[in-house]
Amino acid sequence: MSEENSELKERVREFWQEHPCGTKFADAEPGSRKFYELVAEHRYRKEWHIPVAAGFAQSNNLRVLEVGCGLGTDGAQFAKAGAEYTGIDLTQAAVDLAQRNFELLKLPGEFRVADAERLDFPDSYFDVVYSHGVLHHTPDTAGAVREIHRVLRPGGKAVVMLYHRNSYNYCVNISMLRRAGVHLLRWNPGVKLVHRLTGEPEESLREHSRRLKSKSAYLSSQEFLSRNTDGAGNPLARVYSRNEARKLFKDFADVETCTYFLNKRWLPLIGPILPRSLESQIASRWGWHLWIYATKGR
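Overview of the structure. Please read these numbers as outputs of a predicted model, since none were measured by experiment.

Thoughts on unusual backbone geometry
Part 1 of the argument: Backbone geometry at Asn61 places phi at a positive 65 degrees, although glycine is not the residue there.
Part 2 of the argument: By the element assignment, Asn61 lies in the loop between α3 (50-54) and β1 (63-67).
Part 3 of the argument: By relative accessible area, Asn61 is classed as exposed at 65%.
Part 4 of the argument: Residue Phe261 is not a glycine yet carries a positive backbone phi of 75 degrees.
Part 5 of the argument: Structurally, the position occupied by Phe261 is in the loop between β6 (254-260) and α12 (276-286).
Part 6 of the argument: Of the residues examined, Phe261 reaches a relative accessible area of 10% and is grouped as buried.

Here it is, written out as C-alpha cells:
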C-alpha cells in the first residue's frame, strides 16, 4: 500500500471509529437494547428494500461474511435466518457494538477488526460475502473486490452496495443543489436559512461551514463528494456507474446490478407524498444505492 493510501485509510478509520455507522439514528444509550431497536426500526423503515435485496431469508446454512459489519443490524438478520455469520470492520468501535447487539439477541456470530483490502481468511471459504455501503470508503476498492473474490467459494455470491454515480442524489442533490447552496454556509444567517429549508441539523451545517472556510480543497470534486455523503468529516467516498461497477467485478463469472433507495427527503414538496410504488420505479433508475450481485465462476 502506498504511503498516501495508508494515511488516507487511517483517516477513514479514525472517522468511523468516532462515528460508527447508524448511531446518529438512535436517541438512546449506545449498546442498550433500545438503541439497537431504534437503529433497526429506522433502517428498515427508510430502506425497506434491504431484507429482500440482501437475501436474508435465503442464507440458512450458508457461511456469510459481512465486510463492514457496522452495528450488526444486517448481520443479525443473517444470523436469525440461520447463516453461519462472520462480521468484520475496520474499527474496534463497530466490532464492539455489533458483538453487543448479538449478545442481547442471543445470536451466534464471529467478529473481528480487519481490513477489507486484506482479508484474513482462506481461499474459497465463504458462500456469500455481503457489504452494504462500505467499499466506496476504502482507498483501494478494486483490491477489496479482489479479496472478496478470493475468499468466495466457486459458485459463491458477492452482494455489494456502492453509491451510484447516475443517481438523483449525486447528479442533482450533491452536484447541483448542494453546490449552489454551499456558499450560504459562509455566514451565520445562511446556516440558519439552509437549516430551515432542508431540515439538516445546524451542528452538521456548522461543521460544513468550518471546513468550507478553512480548507480551499473543500470545493474540489472528490472532497465535496466525500464531505456531502456521510458527514462533513468523512474523508473518502466514491460513486460508481453500472459500467464502472461491472469493471470492478470483472473477475466474476456473472454480474448483475440494480438500484434502490430514493431518499424522499431530497425531493422537495413531492417527497413526503410519494407512494412507495412510484418511489420504487424512480429508484430503479435514479436510486442512490447501486447493488451488485456477482457470482464467482466454478
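A look at helix α7 (residues 168-181)
Part 1 of the argument: When the terminal C-alpha atoms of α7 are compared, their 17 Å separation across 14 residues is substantially less than the 20 Å that a helix rising 1.5 Å per residue should span.
Part 2 of the argument: Roughly 30 degrees is the biggest bend found in α7, and it falls at Ile174.
Part 3 of the argument: Of all the positions in α7, only Tyr168, Asn169, Tyr170, Asn173, Ile174 and Arg178 are classed as buried.
Part 4 of the argument: In this fold, the buried residues of α7 make contact with α10 (221-227) and α12.

Remarks on the packing of aromatic side chains
Part 1 of the argument: A full pass over the atoms with the stated rule returns 17 aromatic pairs.
Part 2 of the argument: Pairing Phe35 with Tyr36 gives two aromatic rings, centres 5.0 Å apart and planes at 75 degrees, and the pair type is edge-to-face.
Part 3 of the argument: For Phe35, a relative accessible area of 0% puts it in the buried group.
Part 4 of the argument: Tyr36 sits in the buried class, given a relative accessible area of 6%.
Part 5 of the argument: An aromatic cluster is built from Phe56, Phe78, Tyr130, Tyr260, Trp291 and Tyr293, whose rings are joined through pairwise contacts.
Part 6 of the argument: Over the aromatic face of Trp286 sits the side chain of Arg285, whose NZ or CZ is 4.2 Å from the ring centroid.

Thoughts on the pairing of strand β3 (residues 110-113)
Part 1 of the argument: Here strand β2 (residues 84-89) runs beside β3; their pairing, made up of four bridges, is parallel. Across the sheet, Ile88 pairs through a bridge with Arg112, a residue of β3.
Part 2 of the argument: Handedness of the crossover joining β2 and β3 through helix α5 (residues 92-105): right-handed.

Here we look at the pattern of salt bridges
Part 1 of the argument: One pass over the full model with this rule turns up 21 salt bridges.
Part 2 of the argument: As a salt-bridge pair, Asp120 and Arg112 come within 3.9 Å of each other at their nearest N and O atoms.
Part 3 of the argument: Between Glu202 and Arg206 there is a salt bridge, with the nearest N and O atoms lying 2.9 Å from each other. On the criterion of helical spacing, the pair formed by Glu202 and Arg206 is a turn pair, its members being four residues apart in helix α9 (residues 202-214).

Observations concerning the side chain of Asn169
Part 1 of the argument: With respect to the secondary-structure elements, Asn169 resides in helix α7.
Part 2 of the argument: Polar side-chain contacts of Asn169 include one of 2.6 Å to the side chain of Asn173.
Part 3 of the argument: Those residues within four positions of Asn169 in sequence are excluded, and the remaining contacts are Ile174, Trp266 and Trp288.

Scoring rules and cut-offs
In this numbering scheme, every chain counts its residues from 1 along its sequence in written order. Only residues with pLDDT of 70 or above have their local features reported here, since the model is predicted, and side-chain atom pairs are shown and tallied only from 80 upward, although totals for entire chains, interfaces and linings are computed over all residues. Working from all heavy atoms in the structure, the side-chain values ignore hydrogens and water. Secondary structure follows DSSP: runs of H or I at least 4 residues long count as helices, runs of E at least 2 residues long count as strands, and numbering of each begins at the N terminus. Relative accessibility decides the category of a residue: with a 1.4 Å probe and only protein chains considered, values under 20% of the type maximum give buried, values over 50% give exposed, and everything between is partly exposed. How far a helix is expected to stretch is found by multiplying one less than its residue total by 1.5 Å. Two axes define the bend at a residue: one fitted to the seven residues ending there, one fitted to the seven starting there, and the bend is the angle between them. Any two residues whose heavy atoms approach within 4.5 Å are treated as being in contact. Only centres within 6.5 Å qualify two rings of Phe, Tyr or Trp (six-membered ring in Trp) as a pair; their planes then separate them into stacked at under 30 degrees, edge-to-face at over 60, and tilted for everything else. Look at NZ for Lys and CZ for Arg. If either is within 6 Å of the ring centre and within 35 degrees of the ring normal, a charge sits over the ring. Only when DSSP finds a minimum of two bridges between them are two strands counted as paired. For a crossover, the right-handed case is the one in which the path from the first strand over the helix to the second runs clockwise, viewed with the strands pointing away from the viewer. Salt bridge, as used here, is a side-chain nitrogen of Lys or Arg placed within 4 Å of a carboxyl oxygen of Asp or Glu. Pairing of N or O atoms within 3.5 Å defines a polar contact, subject to two protein rules: one partner must be a possible hydrogen donor and the other a possible acceptor, and residues neighboring in sequence count only if both atoms are side-chain atoms.

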